[in-house]
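# Fold and contact review
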Amino acid sequence: MSSSAPQHPRPADGHRLWSVDEHLADVLGAVRPLEPIELQLLDAQGCVLVEDVTVPVALPPFDNSSMDGYAVRTADVQGASEEFPAVLTVVGDVAAGSGELPTVGPGEAARIMTGAPLPPGAEAVVPVEWTDGGTGGGAAAGMTPASAAPEQSGGEVRVHRAAEARAHVRARGSDVQAGDLALAAGTVLGPPQIALLAAIGRGTVRVRPRPRVVVLSTGSELVQPGEPLAAGTIYDSNSFALAAAARDAGAIAYRVGAVADDADTLRSTIEDQLIRADLLVTTGGVSVGAYDVVKEALSSIGSAGSTGPGDGDADVEVDATRIDFRKLAMQPGKPQGFGTIGPDHTPLLALPGNPVSSYVSFELFVRPAIRTLMGLPESEVRRPSVRAVLKADKALGSPAGRRQFLRGAYDAESGTVSPVGGSGSHLIAALAHADSLMVVPEDVTSVEPGTELEVVLLG
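## Points about the overall build of the chain
- The secondary structure content of the chain amounts to eight helices and 29 strands.
- Counting over 459 residues, the chain shows a buried share of 46%.
- At a minimum sequence separation of 6, the contacts of the chain that also span at least 24 residues come to 72%.
- Accessible surface, the chain: about 20800 Å² in total, of which carbon and sulfur atoms supply 51%.

## Concerning the sheet that holds strand S10 (residues 156–159)
- Sheet architecture is open: five strands sit in the order S9-S6-S8-S7-S10, paired in mixed fashion. Looking along the sheet, the strands with just one partner apiece sit at the ends: strand S9 (124–127) and S10. When strand polarity is set aside, the average angle formed by the axes of neighbouring strands in this sheet is 40°.
- Pairing between strand S6 (residues 69–72) and S9: four bridges, direction antiparallel. The residue of S9 that forms the bridge with Val72 is Ala124.

## Some words on the pattern of salt bridges
- This structure, assessed with the given rule, holds 17 salt bridges.
- The residue Glu452 makes a salt bridge to Arg387 at a minimum N-O spacing of 3.4 Å. In this pair, Glu452 sits in strand S29 (residues 452–457) while Arg387 sits in strand S23 (residues 385–390), placing the two residues 65 residues apart along the sequence.
- The class for Glu452 is partly exposed, based on a relative accessible area of 46%.
- One connected set of salt bridges, linked through shared partners, spans Asp248, Glu363, Arg367 and Arg383.

## Section: helix H1 (residues 20–29)
- Taken together, the buried positions of H1 are Val20, His23, Leu24, Asp26 and Val27. With its buried residues spanning 160° around the axis, H1 presents them on a single face.

## Some remarks on the sheet that holds strand S1 (residues 17–18)
- If you trace the seven strands from one edge of the open sheet to the other, you get S1-S19-S21-S22-S18-S14-S17, paired in mixed fashion. What marks the edges here is a single partner per strand, and that holds for S1 and strand S17 (252–259).
- Pairing geometry for strand S21 (residues 335–341) and strand S22 (residues 346–351), over five bridges, is antiparallel. Paired with Thr340 across the strands is Pro347, a residue of S22.

What counts and what doesn't
- Counting restarts for each chain, with residues numbered from 1 along the sequence as it is written.
- Local features are withheld for residues below a pLDDT of 70 in this predicted model, meaning they are given only at 70 or higher, and side-chain atom pairs are given and counted only at 80 or more; totals for whole chains, interfaces and linings count all residues.
- Hydrogens and waters are ignored; side-chain quantities use all the structure's heavy atoms.
- In DSSP terms, a helix is any run of H or I states spanning at least four residues, a strand is any run of E spanning at least two, and both are numbered starting from the N terminus.
- We call a residue buried when its accessible area falls under 20% of the maximum for its residue type, exposed when it is over 50%, and partly exposed in between, using a 1.4 Å probe and counting protein chains only.
- Here a residue-residue contact requires only that any non-hydrogen atoms of the pair lie within 4.5 Å.
- Note on areas: Shrake-Rupley with a 1.4 Å probe; residue coverage comes only from the protein chains shown.
- Here, any two strands with at least 2 DSSP bridges between them count as paired.
- Note on geometry: axes are C-alpha line fits, over the in-contact stretch for helices, and angles between N-to-C directions span 0 to 180 degrees.
- Any Lys or Arg side-chain nitrogen located within 4 Å of an Asp or Glu carboxyl oxygen qualifies as a salt bridge.
- What the arc covers is the set of directions going from the helix axis to the C-beta atoms.

This is the structure in structure tokens:
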């Protein structure tokens, strides 16, 4: 849950058009980063660190070998060559994890494996390829496994090349020193950061958790993929697209699927989902049609409390609901809804039902909300954007007074962007082949080829 009670959305102002920037500011003004919790390392992947982590012990904690070979004294291999090899007595094996170590004295060597601690007396490691491997023959290609030839931990080895002091030795603390800053607060924990935490002995870490995002699509015409289509029905793609987009943004996504066009059913479903939601996203039912039930359901969901279905479960008190349905000066995605719901003031974004409209709306408004809940810095909340030159066969039209977002294919090498598909908000195939959104400002009605545009990168 959010760390403090969020602001409520501003009240609707008649029938005015909200700008994209106003709506986004309203959304982000009502969202607070989630409270930090302590998580196991793998559970913390993708989360934002909330504390500086310092190194308790040097890494590596001891001098160790970077090669399979022989630990030697440099004086004993000085001037060694294939014609005149240095012949050393092998005093034992040193494997990774070895406890008691043999001491390497004058004229001696110890077989040593990669990662094994450098034994006392040794000053350098000569790779096994620089030796005969203890066989008495020519240059060795590798070592015989100890289990197959335990006698080779003794005997003699011929070294064909000299080695300088510390050759092929990883020094204690050469990665990080005790007391060094390992990771700073605000770091997003990916696989390399998880590896570092494990390497310095941290089993848990304090982070802001990944937000739990519940996605519901609405519409009696929606059928789940894999089921047969009846007359007048279509497959539910929105809930899959938005759940996947939520995961891509860093959230834990729960896809509820399609809810029929019935206000009571939708109210009940939303109330059931509040227990596991840091953010609710609905798609469909926010326009002006007779069956746009999201507006109908959310307008009264908290008017006097309500009861969710169950076997004698306690009433779900939803007494803090304020959802504002508004029109934005954008295309696609003009109808939008936003507010907070329930006693914990859970943010809810109600997106349009057309597939492209819902996806564009997600990228512009929901993704930034998720990234804010994660506690990411402002520079990482929104998708990056670049300037690119329009590459097209003809001018692109755009409605006056609306900020249009057109699907595009961006070529970083040439600095150009090309339109993908048409402007229809139902064209899912075109969306699947786009990697960017071309932004046409509100005061522009025609964009000629060769014009420089803002391009939002989706990949």
